[in-house]
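# Structural characterization, general
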Amino acid sequence: MKRQYLFLITILINSIIINAQVSISKIFSDNMVLQRNTPIPVWGKAKPNEKIEVHFDKQIKKTSADKNGKWMIHLDNETAGGPFELIIKGKNTIQIKNVLVGEVWICAGQSNMEWSVVQSNDAKKEIASANNPMIRHIKIDKEINSLPQRDVNSANGWQVCDSTTVGDFTAAGYFFAKNIYNELKIPIGLINTSWGGTNIETWISRDGYESSDEFTEIIAGMPKISLDSLSKLKVKTFEKRIEKIQGEKINAANANNFKEVAYHDSNWPELNQPGLWEQQSLGELDGIVWLRKSFVIPTGDSKKQAVLELSTIDDYDDTYVNGIKIGSTNQWDAFRKYTIPAGVLNEGVNTIAIRVTDTGGGGGIYGDPANLRLIIDNTVIPLNGIWKFQVESIKKTNNENSFPSLCYNAMINPLIPFAFKGVLWYQGESNARRSFQYRTAFSLMINNWRQKWNQGDFPFYFMQLASFFAGGNSNDGCGWAELREAQTIALSLPNTGMVVTTDLVTNPRDIHPTNKQDVGKRLAALAFNNVYDKPMVCSGPMYKSMEIKGNQIIVSFDDIGSGLYTPDKYGYIKGFEIAGEDQIFHYATAYIKDNKIILSSNEVDTPIAVHYSWIGDATESNLFNKEGFPAVPFRTDQWKTVTKEEKYKI
């Protein structure tokens, strides 16, 4: 009898599974927020031709799945409010609870968008006070695919904001939402689809590339095949490039000898350290690379204990001195400081060998050159400069930057056609080596997303690159400054806005500024002024024109608010440079007069060009409007562009 009962239960369960065909996209879950004042698409899968009913608030919509089992309905416009239930009925019933209607914003980009509340300024205070059930957040799982996907894999669903959840929210998005809610008192939903270290090319669809003259040839060379097949293609392509650089085949079996003092590395290629190898001859590569450098120990110091500082290494390292392992670290942003025991060093020539494992994104030693050194008592031996390198192996699987469109296919396409208000975008650090081409790529991505969603020119607000010790200046050229310029150019697209962040950095050696509160506040100002009918100053002074008078240049600005301002108590304006016909820039004396900037330099008799904040670390720049928004970095010439010839390659 018991066996018969279990048999009947099994049949019943199997019958339910067979007939329970209706499902809904995973972006729909308990605690979600739907966009107000617009038709609301709801979609999923079911048995072919299965009849579907969708209930929400006072609405009932009916449809049938198509022959492939796909279905979609559009709910009528809803005003802000809730909570409601979203019910989907087919042969089975899906019930989604605690649904609010309000404003939904997509938060996308790389690590500075992914950067969480718990990593930001005053984290404990912010988390303790975060009890706002009207703010909701969903983090889209990090996935890639070579083909556009219909659904995401976000099993965790939407989270209600409180002190147990907010720590994992996107900080830039959360502080934006907090400002918006405090003013509008309506629900705010954040869709966080970001991935640290990603370049912009992974976020653009294939057909977006096919519509662009700049990228048509590149995308034509990418076959429409599975990720496994793409992995094999990538490895083969990388092997050919690396073997050409190294002059020999990659030989992992020989790598065990690379740490030995006697190993001859004279034929190895070279790169500068610190400095990510993606920005040098080695280029885009994920895998294992050995770095070697020789140095000389003065007489009398060889028997002493020493300290080896290696700044930070992306991602993992195993470090050897004279063939002896002295340390290893499995954290990409950790400062490396290893003790070299007495007796390891030799009088005369010594060798450091570092086995660097790069799992994705940047690779190699990076950070302050002053933090790459050997210390013996009071003697400091600098180790920055030229290092030898050799590739041990190439990562066999694809990552998010291996090919174009991979993140778009898995993390953006599945969200379409979800209704939302606008996009908040924080990305660009990974494209600084190709800044000039970013002019095309960034605008292409914005237009691509707008075309795909078919919701018109929805608001697209983005953060300009923050101050960072990235190297370069007005005379040497600066890729970081050129990337900022490319971002500024994107403001020519309709309904875009940019947050300048050069002043929000306390440590310009850290690529992740922790002051995301002011980032959110400035984003909110853009939205208040342009979306929510609350007029206010929402951006800083932007270059308008210049007038040359003798040895002076007079610069005029738009967006000065209630006037130009500097916090310097003596009124000294920093960050300006001018140049004459020789195209050599010199620091300029600058002051405010009649809401214009007057520039001059004893080194330039006849100035013809101006730069402002044309450097990676622009923390000294101090021109604002009286509302506290910093001036937009700019240049008036079109001379040196050090990244113009750098192109995206697959």
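This paragraph deals with the overall build of the protein chain. The helix and strand inventory of the protein chain stands at 11 helices and 35 strands. On C-alpha atoms alone, the protein chain measures out to a radius of gyration of 28 Å, which is about the 26 Å that the 2.2 N^0.38 rule sets for 650 residues. Overall, the protein chain is about 90 × 75 × 50 Å in size when its C-alpha atoms are taken along their principal axes. Within the protein chain, the proportion of its 650 residues that are buried is 54%. If you take every contact in the protein chain between residues at least 6 apart in sequence, the share linking residues at least 24 apart comes to 75%.

This part takes up the packing of helix 4 (residues 171-184) against helix 11 (residues 516-530). One way to put it is that helix 4 packs onto helix 11 with a least axis distance of 7 Å and a crossing angle of 50°. It follows that helix 4 is oblique to helix 11 by the angle criterion. The element helix 4 and its partner helix 11 pack so that their crossing is right-handed. Contacts between helix 4 and helix 11 involve Ala-171, Ala-172, Phe-175, Phe-176, Asn-179, Ile-180, Glu-183 and Leu-184 on the former and, on the latter, Lys-516, Gln-517, Val-519, Gly-520, Lys-521, Leu-523, Ala-524, Ala-527 and Phe-528. Split by residue class, the contact of helix 4 with helix 11 holds 11 nonpolar, three polar and three charged.

In the structure shown here, the tally under the stated rule is zero disulfides. Considering cysteine sulfurs only, Cys-161 is the nearest to Cys-107, which forms no disulfide, with 13 Å between them. Take Cys-107: its relative accessible area is 0%, and that puts it in the buried class.

A word on the packing of helix 9 (residues 435-453) against helix 10 (residues 479-489). Where helix 9 contacts helix 10, the axes come no closer than 8 Å and their chain directions differ by 20°. Considering their axes alone, helix 9 and helix 10 lie roughly parallel with respect to each other. Of the two possible hands of crossing, helix 9 and helix 10 adopt the one that is right-handed. Together, Ser-435, Tyr-438, Arg-439 and Phe-442 of helix 9 and Gly-479, Glu-482, Leu-483, Glu-485, Ala-486, Gln-487 and Ile-489 of helix 10 make up the contact between the two elements. When the residues that make up the contact of helix 9 with helix 10 are grouped by side-chain class, the tally is five nonpolar, three polar and three charged.

On to the environment of Ser-154. Examined against the element boundaries, Ser-154 turns out to sit in the loop between strand 9 (132-139) and strand 10 (159-161). A C-alpha to C-alpha distance of 7.2 Å links Ser-154 and Ile-27, two positions 127 residues apart in sequence. Beyond its immediate sequence surroundings of up to four residues, Ser-154 is in contact with Lys-26, Ile-138, Lys-139, Ile-140 and Asp-141.

With an omega of 5°, the peptide bond running from Asp-314 to Asp-315 counts as cis. With an omega of 15°, the peptide bond between Ile-416 and Pro-417 qualifies as cis. Despite not being glycine, Asn-495 has its phi angle at roughly 60°, a positive value. With respect to the element layout, Asn-495 can be found in the loop between helix 10 and strand 25 (496-499). Of the residues examined, Asn-495 reaches a relative accessible area of 33% and is grouped as partly exposed.

Once that is clear, we can look at the side chain of Gln-517. Position of Gln-517 among the secondary structure elements: in helix 11. Residue Gln-517 is classed as buried on the basis of its relative accessible area, which comes to 15%.

Moving on: the confidence of the model for the protein chain. The predicted model of the protein chain averages 94 in pLDDT, with 97% of residues at 70 or higher. Scored below 50 in pLDDT, residues 5-18 makes zero contacts in the model with residues more than four places away or belonging to other chains.

A word on the sheet that holds strand 3 (residues 40-45). In space, the three strands of this open sheet follow the order 1-3-6, with antiparallel pairing throughout. Both edges of this open sheet fall to strand 1 (23-24) and strand 6 (70-75), since each of them pairs with a single strand only. Two elements, strand 1 and strand 3, share two bridges in a ladder whose sense is antiparallel. Paired with Ser-23 across the strands is Lys-45, a residue of strand 3.

Below, the discussion takes up the pattern of salt bridges. Summed over the entire model, instances satisfying the criterion amount to 32 salt bridges. Of the charged contacts, one joins Lys-452 and Asp-207 as a salt bridge, the two residues approaching to 2.6 Å between their closest N and O atoms. Of the two residues, Lys-452 sits in helix 9 while Asp-207 sits in helix 5 (residues 206-210), which places them 245 residues apart along the sequence. Since its relative accessible area comes to 37%, Asp-207 is described here as partly exposed. The partner of Glu-392 in a salt bridge is Arg-355, and the shortest N-O contact between them spans 2.9 Å. Here Glu-392, found in strand 22 (residues 385-394), pairs with Arg-355, found in strand 18 (residues 348-358); they are 37 residues apart in sequence, far enough to count as distant. Residue classification places Glu-392 among the buried residues on the basis of a relative accessible area of 11%. Of the residues examined, Arg-355 reaches a relative accessible area of 22% and is grouped as partly exposed. Residues joined by salt bridges that share partners form a network here, namely Glu-201, Glu-284, Arg-433, Arg-434 and Glu-646.

Conventions adopted
- Residues numbered from 1 in each chain as written.
- Predicted model: local features only at pLDDT ≥ 70, side-chain atom pairs only at ≥ 80, totals over all residues.
- Heavy atoms only, no water.
- Helix = DSSP H or I, 4+ residues; strand = E, 2+ residues; numbered from the N terminus.
- Rg over C-alpha atoms; globule rule 2.2 N^0.38 Å.
- Buried < 20%, exposed > 50% of the residue type's maximum accessible area, 1.4 Å probe, protein only.
- Contact = heavy atoms within 4.5 Å.
- Axes fitted to C-alpha atoms, helices over the stretch in contact; angles between N-to-C directions.
- Parallel < 35°, antiparallel > 145°, perpendicular 65-115°, else oblique.
- Left-handed = near helix turned anticlockwise from the far one by under 90°.
- Nonpolar A, V, L, I, M, F, W, Y, C, P; charged D, E, K, R; others polar.
- Disulfide = S-S within 2.5 Å.
- pLDDT = per-residue confidence, 0-100.
- Pairing = 2+ DSSP bridges.
- Salt bridge = Lys/Arg side-chain N within 4 Å of Asp/Glu carboxyl O.

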